[in-house]
Amino acid sequence: MISFKDVYCTFEDRGGIKEANFTINAGDFVFLTGPSGAGKSTLLRLMYMDVVPDKGEVVFQQYSSRNISRHDLPYLRRKVGMLFQDFRLLPDRNVYQNVALGLYAANYKAANIRDRVEEMLEKLDVADKWYHKPHELSGGEKQRVALARALAIEPRVLLADEPTGNLDPRVSIELVKLLYQINQSGTSVIMATHDYDIINRVPKYRLFQISKSKIVSAT
Ligand SMILES: Nc1ncnc2c1ncn2[C@@H]1O[C@H](COP(=O)(O)OP(=O)(O)OP(=O)(O)O)[C@@H](O)[C@H]1O
Ligand SMILES: [Mg+2]
């Protein structure tokens, strides 16, 4: 589903990713771990082709970093859900609008959008926050709204960059249990984290350890 072939992506030789070779299959749950500045976020950005390699090739399903066009990028992005440490909800829009906008962007039929948003908000237990703005939500609620938005488009892959970084331990564990459920239903999950407590909550996972721009071990 995603493969890296001898990928280098360095920023004027300061950090980035070097010599990355791996394949991630449908249904994998992969943790990326390693010290701050090791290259975890860069690896995720390469996967959704937010950055392209200086050398080597990233393949995501039928798309290759060697020849993906500006026109193809939105199609690739429709197969990817994303979660971030800082949630990235639109502050001036309510919960409903935040999730609905993702569906408009993915060209969902307008007639189906309301039902789809309602279904997702119920599934993630934030339906009672429908008209709330992000600043009126707790961190855990914000991340569940972000997850509703990410999953509404039925992505094949969920990329999560330290999604528990701003959550307390109890809420973090709830979030990772949700991610595991999502993974069990067939979506690949790739998540950067520093937190081994979180990693150990997932029964079956792969672990990539990253240090100084290189993947030093991968299971
Ligand atoms: N756009 C950029 N321009 C220049 N340097 C960059 C850029 N993006 C990342 N870097 C550098 O690449 C290195 C890896 O950054 P990255 O964000 O991937 O690390 P990380 O493992 O996600 O760290 P953290 O745990 O702190 O989030 C860092 O040294 C960073 O400064
Ligand atoms: Mg990072």
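What counts and how
Residues numbered from 1 in each chain as written. Chains lettered and ligands numbered in written order. Predicted model: local features only at pLDDT ≥ 70, side-chain atom pairs only at ≥ 80, totals over all residues. Heavy atoms only, no water. Core = buried A, V, L, I, M, F, W, Y, C linked by side-chain atoms within 4.5 Å. Buried < 20%, exposed > 50% of the residue type's maximum accessible area, 1.4 Å probe, protein only. Helix = DSSP H or I, 4+ residues; strand = E, 2+ residues; numbered from the N terminus. Contact = heavy atoms within 4.5 Å. Phe/Tyr/Trp six-rings, centres within 6.5 Å; stacked < 30°, edge-to-face > 60°. Lys NZ or Arg CZ within 6 Å of the ring centre and 35° of its normal. Pairing = 2+ DSSP bridges. Near = heavy atom within 4 Å. Polar contact = N/O pair within 3.5 Å; in protein donor to acceptor, adjacent residues only side chain to side chain. Nonpolar A, V, L, I, M, F, W, Y, C, P; charged D, E, K, R; others polar.

Asker: Before we move on, could you go through the nonpolar core and cite the residues and values that matter?
Answerer: Phe-31, Val-117, Leu-121, Leu-147, Leu-179 and Met-191 are the most contacted members of the largest nonpolar core, which has 43 residues in total. Counting only elements with at least two residues in this core, the list comes to strand E3 (29-33), helix H3 (95-105), helix H4 (110-123), helix H5 (139-152), strand E7 (157-161), helix H6 (169-184), strand E8 (188-192) and helix H7 (196-199). Here Phe-31 is in contact with Val-176, Met-191, Thr-193, Ile-198, Ile-199, Val-202, Tyr-205, Arg-206, Leu-207 and Phe-208, once residues within four sequence places are set aside. In terms of nonpolar packing, the next biggest core, distinct from the first, is built from 31 residues, Phe-22, Met-47, Leu-76 and Ile-210 among them.

Asker: Outline the packing of aromatic side chains, supporting the account with residue identities and numerical values.
Answerer: On inspection of all chains with the given rule, the structure shows six aromatic pairs. Look at Phe-22 and Phe-208: their rings are 5.0 Å apart centre to centre, the planes differ by 65°, and that puts the pair in the edge-to-face class. Highlighted residues: Phe-22 in strand E2 (residues 16-24) and Phe-208 in strand E9 (residues 206-211), separated in sequence by 186 residues. One exposure class covers both Phe-22 and Phe-208, and it is buried. Ring centres of Phe-29 and Phe-31 lie 4.9 Å apart, and the angle between their planes is 40°; this geometry places the pair in the tilted category. Phe-29 sits in the buried class, given a relative accessible area of 2%. The buried category is assigned to Phe-31, whose relative accessible area is 0%. The ring of Tyr-8 carries the charged tip of Lys-55 above its face, separated from the ring centre by 4.3 Å. Stacked on the ring of Tyr-75, the Lys or Arg Arg-78 has its end atom at 4.8 Å from the ring centre.

Asker: Describe the pairing of E3, naming the residues involved and giving the relevant values.
Answerer: One face of the sheet, then the other: side chains in a regular strand alternate in exactly this way. Counting buried residues in E3 gives five out of five residues, a clear majority hidden from the surface. Sheet topology places E3 next to E8; four bridges connect them, and they run parallel. Bridged to Phe-31 within E8 is Met-191. Here four bridges tie E3 to E9, and the two strands are oriented parallel to one another. Across the sheet, the residue bridging to Leu-32 is Phe-208, located in E9.

Asker: Kindly report on the pairing of strand E10 (residues 214-218), identifying the contributing residues and their values.
Answerer: Pairing analysis gives four bridges linking E9 to E10, with the strands arranged antiparallel. Pairing of Phe-208 across the sheet is with Ala-218, part of E10. The hairpin formed by E9 and E10 contains two residues between the paired strands, and Lys-212 there has a positive phi angle of roughly 45°.

Asker: With reference to specific residues and values, describe the site of ligand 1.
Answerer: What surrounds ligand 1 is a group of 14 residues, the closest being Ser-36, Gly-37, Lys-40, Ser-41 and Thr-42. The separation between an oxygen atom of ligand 1 and a polar main-chain atom of Ala-38 is 3.2 Å. Contact distances for ligand 1 include 2.8 Å between an oxygen atom and a side-chain N or O atom of Ser-41. A per-element tally of the shell around ligand 1 places helix H1 (residues 40-47) first, with three residues. Across the shell around ligand 1, the residue classes break down as three nonpolar, eight polar and three charged.

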